[in-house]
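Each chain, written out:
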4 protein chains.
Amino acid sequence: MSLLIRGGTVVNADQSFRADVLCEGDKIVAVGPDLQAPAGARVVEAGGAYVMPGGIDPHTHMQLPFMGTTASEDFFTGTAAGMAGGNTLIIDFVIPGPNDAPLDAFKQWSSWAEKSAGDYSFHVAVTNWNETISEQMGVLTREHGVNSFKHFMAYKGALLVEDDVLLQSFTRCLELGAVPSVHAENGEVVYLMQKSLLAAGITGPEGHPLSRPSSIEAEAAGRAITIAGMAGSPVYIVHVSARETVEAIARARAGGQRVYGEILAQHLLVDESVYYDKDWKKAAAHVMSPPFRSKDHQEALWAALASGTCQTTATDHCCFMIEQKLMGKDNFTGIPNGTAGIEDRMAVLWSEGVRKGRLTPNEFVAVTSANCAKIFNIYPQRGVIQPGADAALVVWDPEASRTISAKTHHQKVDYNVYEGLTVTGIPAVTVSGGKVVYEKGELKVEKGAGKYIKRPTFPSVVTAQTLRNTLTAPKGVKREPVAAVTP
Amino acid sequence: MSLLIRGGTVVNADQSFRADVLCEGDKIVAVGPDLQAPAGARVVEAGGAYVMPGGIDPHTHMQLPFMGTTASEDFFTGTAAGMAGGNTLIIDFVIPGPNDAPLDAFKQWSSWAEKSAGDYSFHVAVTNWNETISEQMGVLTREHGVNSFKHFMAYKGALLVEDDVLLQSFTRCLELGAVPSVHAENGEVVYLMQKSLLAAGITGPEGHPLSRPSSIEAEAAGRAITIAGMAGSPVYIVHVSARETVEAIARARAGGQRVYGEILAQHLLVDESVYYDKDWKKAAAHVMSPPFRSKDHQEALWAALASGTCQTTATDHCCFMIEQKLMGKDNFTGIPNGTAGIEDRMAVLWSEGVRKGRLTPNEFVAVTSANCAKIFNIYPQRGVIQPGADAALVVWDPEASRTISAKTHHQKVDYNVYEGLTVTGIPAVTVSGGKVVYEKGELKVEKGAGKYIKRPTFPSVVTAQTLRNTLTAPKGVKREPVAAVTP
Amino acid sequence: MSLLIRGGTVVNADQSFRADVLCEGDKIVAVGPDLQAPAGARVVEAGGAYVMPGGIDPHTHMQLPFMGTTASEDFFTGTAAGMAGGNTLIIDFVIPGPNDAPLDAFKQWSSWAEKSAGDYSFHVAVTNWNETISEQMGVLTREHGVNSFKHFMAYKGALLVEDDVLLQSFTRCLELGAVPSVHAENGEVVYLMQKSLLAAGITGPEGHPLSRPSSIEAEAAGRAITIAGMAGSPVYIVHVSARETVEAIARARAGGQRVYGEILAQHLLVDESVYYDKDWKKAAAHVMSPPFRSKDHQEALWAALASGTCQTTATDHCCFMIEQKLMGKDNFTGIPNGTAGIEDRMAVLWSEGVRKGRLTPNEFVAVTSANCAKIFNIYPQRGVIQPGADAALVVWDPEASRTISAKTHHQKVDYNVYEGLTVTGIPAVTVSGGKVVYEKGELKVEKGAGKYIKRPTFPSVVTAQTLRNTLTAPKGVKREPVAAVTP
Amino acid sequence: MSLLIRGGTVVNADQSFRADVLCEGDKIVAVGPDLQAPAGARVVEAGGAYVMPGGIDPHTHMQLPFMGTTASEDFFTGTAAGMAGGNTLIIDFVIPGPNDAPLDAFKQWSSWAEKSAGDYSFHVAVTNWNETISEQMGVLTREHGVNSFKHFMAYKGALLVEDDVLLQSFTRCLELGAVPSVHAENGEVVYLMQKSLLAAGITGPEGHPLSRPSSIEAEAAGRAITIAGMAGSPVYIVHVSARETVEAIARARAGGQRVYGEILAQHLLVDESVYYDKDWKKAAAHVMSPPFRSKDHQEALWAALASGTCQTTATDHCCFMIEQKLMGKDNFTGIPNGTAGIEDRMAVLWSEGVRKGRLTPNEFVAVTSANCAKIFNIYPQRGVIQPGADAALVVWDPEASRTISAKTHHQKVDYNVYEGLTVTGIPAVTVSGGKVVYEKGELKVEKGAGKYIKRPTFPSVVTAQTLRNTLTAPKGVKREPVAAVTP
């Protein structure tokens, strides 16, 4: 089956050029001017629009069992909504309980994901430390295409791991050629702050941001970075939401460390005032961790993307219906954490980023797909339009508009944090697996059409780091044996 | 008994002026020109030298039971050596084991200290958290003149406390009007680094600094500062040895936090090359935590004192004989941590600080006594020469010299980290309790002459902080009750 | 004539204590409990209020000829208003034109100041560079008690001096033992921005802040600091208004430089929104340089005072009546720059600073008088309540309130930037020259009663710096003569 | 004429892959596996080596008339030496005198460059400001392919321009879609420091670094960045040599500014100790501006490249023979400023960068060609191996070694700052204009074979910036007219 995208401007992270794009099966086979459509090919007229690599969302949680309930969006609906937003790959998280074997969890998540409409891959969380975990990390990298492991510094009593686990796991990651990542919030402090706020009678959603200020995110990020420095490993900080965290990353990079940061589209636009809404449901709908911040953090986040201090954008897509949020109606610590966003990330970034001069179109591609593909080592299979790459792309209409609303979105959740926002610059057509899966506002998805994408170990940055560690390894001093008794 | 210091220049933290100083009993009763010596008074001719408040060393460990042995310097010899160096007060540390009651430990240390030649006071360490500890902190502040509590973030398996203890204890300190302090090093990381270095065959003293790089000090300091920010309390960082730690403190202060830093005189002069000495004993003699750093940290430490980012200087005086150090001859983690310094701190600071233009004479007084007295709330009883203050002072000869050596020092330890250094600017006479205790190079001390100095709670900074916390306390939103079922 | 202040609490920068204060003539002669009033002494009952050193405002411009008009407040009215606000000393600026001899200008200003009700001193501006200026700087320091010279980096075509003047003048200051100061704004950039804004049709007062953003203040401050670093001299930055400037100062101090910063009380409270007021007169009344900033700068300024990064507070008191402001009604660059504030500085700092926990009472004294007296070398003559100091003090009622208004203030100007603000903590009695000059809301001032205060050179910090420069002076390499022709 | 590079691994900035590369004429026409050599094609066997875009050196000065002499390397010898080092493009500088017309200078330089063996392009310096210059900047961009203008903040009395020129020229650049660059050193301060050092008897080459410390580079960079911020334009800082300058750039980027930095390979390896060499000639040979720095700056520079804070590497290749250097034998200010480096830049970066794990091979391509091509808007014509790009590439042997020496280098200068350094990773073959110009250690160059490369205006970053400026343009307030007389 052939597909020709005709008359568009290809926008890659490094360049833009007029070209047609021809796909055969699930691969791009030609990119160039005036390509001929093979017999029987489907032709999509781009009409001058941009043809870009499909978005990669490196941070989603489909149907996650969490806080006593399960995320409302499953792998089918979630990947479908993602494709409506121009995304053609998610990297979700396999999250074993502290006493679970990682491989078992991997199998569990894999079975859930079989119904995916779009392609997916998996980070695996390290929520404890022992020989089994260490060994199975090896199996996962060698046999299952996993090249990244996540660590929660928050969620005490559930997923939180201590510094000793971080150092041991980061060291193991380096050995395996995998990239460690962290959810950076000081979980011990959060836990005590929650208790203290509840004791002070603050039970509503505003207790959520009060218990997790930006300082405790930056602290944890700085700690993870220090530990990565000790391990000699890179580290990737998920959902950087605060100016201070950006500064911590920048300091580390200025010191020569390989540190990466991911920013959620939501944090670029939504601010903490939502938690003080008189309507409990609206306030609760925004409960996610890290929480929304004061407005003055937002320009720092945009600048982090433009300057390269942070490299990727994501959504932490983790949906809970209002009814689920009500689990915490008397106690904010019971509100399931998570918001939706996969359908809107790219449009929001284009509309507020590219159209406002904060990002160039090429930088847009870098932060929505290419950088992620490079860090997680699936570039140029993903993240670029070129022959040989996967036929996973989006035809982007920079002038078309859409007003975001929970009433019209495809996400399986009854709230949208961008409700009412009109974005200009939206997907016209999404292609996944060489097929048009979204067009003219309509999804044409198929359950199970999504494929699991394996990611090889040892991205070039890890290789460089390993080389450097070898050269700078600590050396001991040769000395004569020391007599026990001094003269 | 009267004592008249005649013909000197009084140097306080805020001003210098020609004046005689008259002491009656253990108090200064007059400061001014041309004072008459009362009948029978002892007269000390200052001969134009400086008359300054006796040094306060806020960080000593006399006869500390530690790492399987006991510090060689006891409260008698240690306070005596201190007075030879111009100090008239130490603040030592009561360190209960994790399962000990703080009050019991306080009594134990108090009994050890009865033989002190010079005055002393006590910080108390919090090495665990429970109701007893919390309550006894109250007793210690109300009944025993303790207004500061120390927390070890290092020494895993022994003294280390986790972040939850820090937050709870800092909060309790604030409530009591006490100042929390921390030994800032990430003990989890140190522990694993030690294991890793030993496994790599690095067993000598050079393993010590390799296992405790400056990054893990700055990380822990930043973490403690963040936690203090959550508690709304001040925090005092002991033995700041690294540029990055100074920067962490400066950032916090720029954000309005009340953070204090203490610098050991040793770290201003000695650098990490000592650990690579071919002579194991010499290298081991320098094993202390935090370890000596590369030279480029030193100007940052001096600047921290001149700029006020750090306020105090100390020694962490904790002596172990070479024979004791040999406990770790096959494994650096067994070398008892600690170096001497109480006798040399002031001379080293004057010689390298004042004489080289890094500090003014007034700043010298600030960092050797006045600031410490203010932070720990015994100013103006200590830290200033004025009527009503304790008769605890030093007559300082800015032109006299001494070559430091273990052979001639009064400290009970067979090594001196400044061995061979000639300092210009040394004590001519030290007065403690209104009596000359050191003169012309000779100690005239008496066992048990030292008194315990009580320190009241609520220094003005803590009061200000409390006021501010009240004004900025988090507030909840009033909302209608939320029905469980959505329409 | 004797004056006894009875029953107060003396608050100095370093300590607070209950004490009576006895003044004879224009000196404080005794400070202590239960002092006896000499025969015929005037007794002021402090009633438990605070007795503090009179405020020093190191930055005023009385009757300044500027921008084609003359400041409405003269030395008599201005010093009187200052005393109503608790101040007992101003340091005004002698500002010669670029072609004027400094000594002539000094005489001119001195003659204007003869009518002062309160004490005064003078900084002298260096607005050009030549032999005469350099020599007269020497005369001013040796014969006229001037120990500080100011440099304008703004006001192109009028007072602005270039970098070469700064370096030469700073070097000369160091030699003389004087402190150089700068008004830090990039005047070249301001000039072009003004033209550009006018060309864009922006002629109203909002053009003022748009032409002088915080970045060009921080740039100039950084430049002056760099130049001071080259000269090896300290430098004092007047009216620091921006977070970035504070950061520039902090960086320099962290590098060991002796840099000082002054903050105007106005910048702590008033923000840039005033320039967008629909009422031209109100907007224009706030035109001063540097302009008011966005609110997020204010906490950085408060923190700079609490942390010691900035040391002094001032007002840049320079009054113009609305009628004078109207000179710029069609062109914001014609609005005379300046606002009033001398009467309100201390009350505003107490009410918003001490009462809100941002400053302790002792820090209040430090930033309103003591630090200034130290930097400009008149401590302990000023800035402290102690025997021998000048009888220049304020009895401060921390609980009394006043609502600030142009209708009731003593300042000779028809606008007040704090209009309507109620402050708690105000002067009850001000004493200058040993006499009560303000009491129960009423001034009791006398034309010409104010005295000129000479300031000696070589404050201790300058001496230290000189010593350090000597030790670190650059050294050349001895080499054989080089033949002109290579083999 | 066809050329096939067979059996290599193409290394681009974003990816590496095994591929043959086919060139026809001066273009790459195919990149892929198993390409067939056309009839008559020259075949180069890469033998597994890397095939990379030819290096671009964005900073050279061939045959520059400077400081009373002329650089010894002309456009023929210089571009030839560059090709021996793997470079296929230089961007040299047209430098009109302050009273010269830019177009005349452009023609002068163009005529000199006609003999170039390799391709070249031109930045044009703005050394004064008037209508003619402003207009001719337009002509240069529209008609001559110039898209960048350089500004010297140093060289007082010769090339130095003041801040008002910077602001006007940056504004003009933005309008034209060109990128302004600066040589950042405070020339006023340098001038006075030179006088002062000479007066102190320091006449040797060590006076050079003493007169230009890193602080005055960082100051000027910060100033240029501030001015660019006011203009709303990007800015490119040439030859960043100091940690503080990197920090200034990083701060600006964190604030959302588009600032770029270039690092000379020499500064990454050579340190200031060379100026203290006893051999005057050796010391003088290293005289260039900015001078070499202390070793501790070097890791900051490497990290700046890895983190993306700085984007390009260059050489400031500007050769003077020892005999020319002797012009300053009695006075360091007379030593012509400049060192060679074009032949060694890439090898040094590979050997010390890639082989030591500081850079990945892809990052090497980014900093030696791709980033430069993007910033100066000739990407993908240059900076990437892909069909359609210029046939300007290097076959890089990562395992071959060379010991650098003035005796063997092709540069026309009798000194080499890397003398004796053995580098591993050197060019095997260089291709320019589709022809092999260097092979097996031998140049096969032709006078005049080099072509002038035009660079179009409005790189995407400038376009984004323009959009942003439009959106954030300052707005005035509408007010009623103000009556001149107040009621």
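On a predicted model such as this, the values are computed, not experimentally measured, just so you know.

### Here we look at the overall build of chain A
- Each helix and strand in chain A was counted, giving 15 helices and 19 strands.
- Computed over its C-alpha atoms, the radius of gyration of chain A comes to 23 Å, within 12% of the 23 Å expected for a compact globule of 487 residues.
- In terms of its C-alpha atoms, chain A occupies a principal-axis envelope of roughly 95 × 60 × 40 Å.
- Total accessible area on chain A stands at roughly 15,300 Å², and carbon and sulfur atoms take up 52% of it.

### Some thoughts on the interface of chain A and chain D
- Facing the 30 residues of chain A at the interface are 30 residues of chain D.
- Between chain A and chain D, the buried area comes to about 2,400 Å², and carbon and sulfur atoms account for 47% of it.
- Remark: the boundary between chain A and chain D carries four salt bridges.
- In this structure, A:R258 and D:E363 form a salt bridge, with 2.6 Å as the shortest nitrogen-oxygen distance.
- Across the chain A-chain D interface, the total number found is 12 residue pairs in polar contact (both at pLDDT 80 or more).
- Counting residues per element, the ones that place at least two in the side of chain A that touches chain D are α8 (243-254), α11 (298-307), α14 (361-375) and α15 (460-472) of chain A.
- Here the element with the most residues in the side of chain A that touches chain D is α15(A); it accounts for six residues.
- For the side of chain A that touches chain D, the class distribution of residues is 11 nonpolar, nine polar and 10 charged.

### Notes on the packing of helix α4 (residues 163-176) of chain C against helix α5 (residues 187-199) of chain D
- At their nearest, the axes of α4(C) and α5(D) sit 8 Å apart, and the two run at 40° to each other. When the axis of α4(C) is compared with that of α5(D), the two are oblique. Here α4(C) runs over α5(D); the crossing is right-handed. For the pair formed by α4(C) and α5(D), the contact residues are C:D163, C:D164, C:L167 and C:Q168 on the first element and D:E188, D:V189, D:L192 and D:M193 on the second.

### Here's the deal with the relation of the copies chain A and chain D
- Turning chain A through 180° and shifting it by 0.0 Å along the axis lays it on chain D, with an RMSD of 0.0 Å. Those values place the two copies in the arrangement expected of a two-fold rotation axis. Of every C-alpha in chain A, the one belonging to A:G308 sits nearest the axis of rotation, 3.3 Å from it.
- A symmetric contact is evident, with 100% of the interface residues of chain A recurring at the interface of chain D.

### Observations concerning the arrangement of the chains
- Chain A makes no contact with chain C; the smallest distance between any of their C-alpha atoms is 9 Å.
- Chain B makes no contact with chain D; the smallest distance between any of their C-alpha atoms is 9 Å.

### Quick word on the sheet that holds strand β13 (residues 235-237) of chain D
All names here are of chain D.
- Strand order in the open sheet formed by eight strands is β6-β9-β10-β11-β12-β13-β14-β15, and the pairing between neighbours is parallel. Strand pairing shows two members of the sheet lacking a second neighbour, β6 (55-60) and β15 (312-314), which therefore form its edges. Neighbour-to-neighbour, the strand axes of the sheet open up by a mean angle of 30°, direction not taken into account.
- In this structure, β13 lies alongside strand β14 (residues 259-264), joined through three bridges in parallel fashion. Residue pairing in the sheet places Y236 in a bridge with Y260 of β14.
- Set on the sheet, helix α2 (residues 102-113) makes contact with β9 (87-94) and β10 (119-125); between it and β10 the angle comes to about 155°.

### Focus on the interface of chain A and chain B
- Each partner contributes residues to the interface: chain A has 51 residues there, and chain B has 51 residues.
- Both sides of the chain A and chain B interface together cover about 4,000 Å² of buried area, and 67% of this is carbon and sulfur.
- When the buried area of chain A at its contact with chain B is split by residue, A:M230, A:R479 and A:V482 rank highest and sum to 17% of it.
- At the junction of chain A and chain B, the tally comes to six salt bridges.
- The tally of links from chain A across to chain B stands at 12 residue pairs in polar contact (both at pLDDT 80 or more).
- Among the elements of the structure, α4 (163-176), α5 (187-199), α7 (214-231), α10 (280-285) and α12 (322-325) of chain A are those that each provide at least two residues to the side of chain A that touches chain B.
- A total of eight residues in the side of chain A that touches chain B trace back to one element, the largest contributor, which is α7(A).

### As for α4(C)
All names here are of chain C.
- Here α4 contains 14 residues, and its C-alpha end-to-end distance of 20 Å stays within 8% of the 20 Å for a straight helix at 1.5 Å per residue.
- For α4, the full list of buried residues reads D163, V165, L166, L167, S169, F170, R172, C173, L174 and L176.
- Positive backbone phi, approximately 80°, marks G177, located one or two places after α4.

### Some words on the sheet that holds strand β12 (residues 179-183) of chain B
All names here are of chain B.
- Here we have eight strands laid out as an open sheet, ordered β6-β9-β10-β11-β12-β13-β14-β15, and parallel in their pairing. Two strands close off the open sheet at either side, each with one partner strand: β6 (55-60) and β15 (312-314). Looking at each pair of strands side by side, their axes are set apart by 30° on average, direction ignored.
- As paired strands, β12 and strand β13 (residues 235-237) are joined by two bridges and run parallel to one another. Counted as the bridge partner of S181 is Y236 from β13.
- Packing against the sheet, helix α7 (residues 214-231) makes contact with β12, β13 and β14 (259-264), and its axis sits at approximately 170° to β13.

### Remarks on the relation of the copies chain A and chain B
- Mapping chain A onto chain B calls for a screw motion: a turn of 180° about the axis and a shift of 0.0 Å along it, with 0.0 Å RMSD after fitting.
- Here 100% of the contact residues of chain A are again contact residues in chain B; the copies associate through an equivalent surface.

### A few points about the pairing of strand β2 (residues 16-24) of chain A
All names here are of chain A.
- By the bridge criterion, eight bridges tie strand β1 (residues 2-11) to β2 in an arrangement that is antiparallel. Residue L4 lies in a different strand from β2, and its bridge partner there is L22.
- Remark: four residues form the turn of the hairpin made by β1 and β2, two consecutive strands paired antiparallel.
- Note: β2 against strand β3 (residues 27-32), five bridges, orientation antiparallel. Looking at β3, one finds that V21 is bridged to V31.
- Turn length for the β2-β3 hairpin, with the two strands adjacent in sequence and antiparallel, is two residues, and the turn residue G25 shows positive phi of about 60°.

### Things to note about the packing of α4(A) against α7(A)
All names here are of chain A.
- Orientation of α4 relative to α7, taken along the N-to-C sense of each, is 45°, at an axis distance of 9 Å. Put simply, α4 runs oblique to α7. Like other packed secondary-structure pairs, α4 and α7 cross with a definite hand, here right-handed. Between α4 and α7, the residues in contact are D163, L166, L167, F170, T171 and L174 and R223, A224, I227, A228, M230 and A231, respectively.

### What about the environment of B:T77?
- In this structure, B:T77 sits in helix α1 (residues 75-84).
- B:T77 sits in the buried class, given a relative accessible area of 18%.

### Structural notes on the nonpolar core
- In this structure, B:F149, B:I237 and B:F364 are the most contacted members of the largest nonpolar core, which totals 130 residues.
- In this view, B:F149 contacts B:V124, B:V126, B:M137, B:L140, B:T141, B:C173, B:A178, B:V179, B:P180 and B:S181; residues no more than four positions away in its chain are not counted.
- In this structure, A:F66, A:F170, A:I225 and A:V274 belong to the second largest nonpolar core, which totals 113 residues.

### Concerning the packing of aromatic side chains
- If you walk through the whole model with that rule in mind, you get 64 aromatic pairs over all chains.
- A cation over an aromatic ring shows up here: A:K374 above the ring of A:Y379, its NZ or CZ 5.0 Å from the ring centre.
- The ring of D:F93 has D:K150 sitting right over it, with the charged end atom 4.1 Å from the ring centre.

### Thoughts on helix α13 (residues 345-354) of chain C
- Counting buried residues in α13(C) gives 10 out of 10 residues, a clear majority hidden from the surface.
- Residues C:R345, C:M346, C:A347, C:V348, C:L349, C:W350, C:S351, C:E352, C:G353 and C:V354 constitute the buried set of α13(C).

### What to know about the environment of A:I95
All names here are of chain A.
- On the secondary structure map, I95 appears in the loop between β9 (87-94) and α2 (102-113).
- In this structure I95 comes out as buried when scored by relative accessible area, which is 9%.
- Sequence separation between I95 and N186 is 91 residues; the distance between their C-alpha atoms is 19 Å.

### Concerning the environment of A:G420
Residue and element names in this part refer to chain A.
- Position of G420 relative to the elements: it lies in the loop between β16 (393-403) and β17 (422-432).
- Distance in space between the C-alpha atoms of G420 and I404 is 5.5 Å, their sequence separation being 16 residues.
- The contact partners of G420, leaving out residues within four places of it in the chain, are T403 and I404.

### Overview of the confidence of the model for chain A
- Per-residue pLDDT for chain A averages 97, and the proportion of residues at 70 or more is 99%.
- Complex prediction metrics read pTM 0.97 and ipTM 0.97.

Reading the values: the criteria
Residues numbered from 1 in each chain as written. Chains lettered and ligands numbered in written order. Predicted model: local features only at pLDDT ≥ 70, side-chain atom pairs only at ≥ 80, totals over all residues. Heavy atoms only, no water. Helix = DSSP H or I, 4+ residues; strand = E, 2+ residues; numbered from the N terminus. Rg over C-alpha atoms; globule rule 2.2 N^0.38 Å. Areas by Shrake-Rupley, 256 points an atom, 1.4 Å probe, with all protein chains shown as cover. Contact = heavy atoms within 4.5 Å. Buried area = accessible area lost by both parts, 1.4 Å probe. Salt bridge = Lys/Arg side-chain N within 4 Å of Asp/Glu carboxyl O. Polar contact = N/O pair within 3.5 Å; in protein donor to acceptor, adjacent residues only side chain to side chain. Nonpolar A, V, L, I, M, F, W, Y, C, P; charged D, E, K, R; others polar. Axes fitted to C-alpha atoms, helices over the stretch in contact; angles between N-to-C directions. Parallel < 35°, antiparallel > 145°, perpendicular 65-115°, else oblique. Left-handed = near helix turned anticlockwise from the far one by under 90°. Least-squares fit on C-alpha atoms with pLDDT ≥ 70 in both. Pairing = 2+ DSSP bridges. Expected span 1.5 Å × (residues − 1). Buried < 20%, exposed > 50% of the residue type's maximum accessible area, 1.4 Å probe, protein only. Core = buried A, V, L, I, M, F, W, Y, C linked by side-chain atoms within 4.5 Å. Phe/Tyr/Trp six-rings, centres within 6.5 Å; stacked < 30°, edge-to-face > 60°. Lys NZ or Arg CZ within 6 Å of the ring centre and 35° of its normal. pLDDT = per-residue confidence, 0-100.

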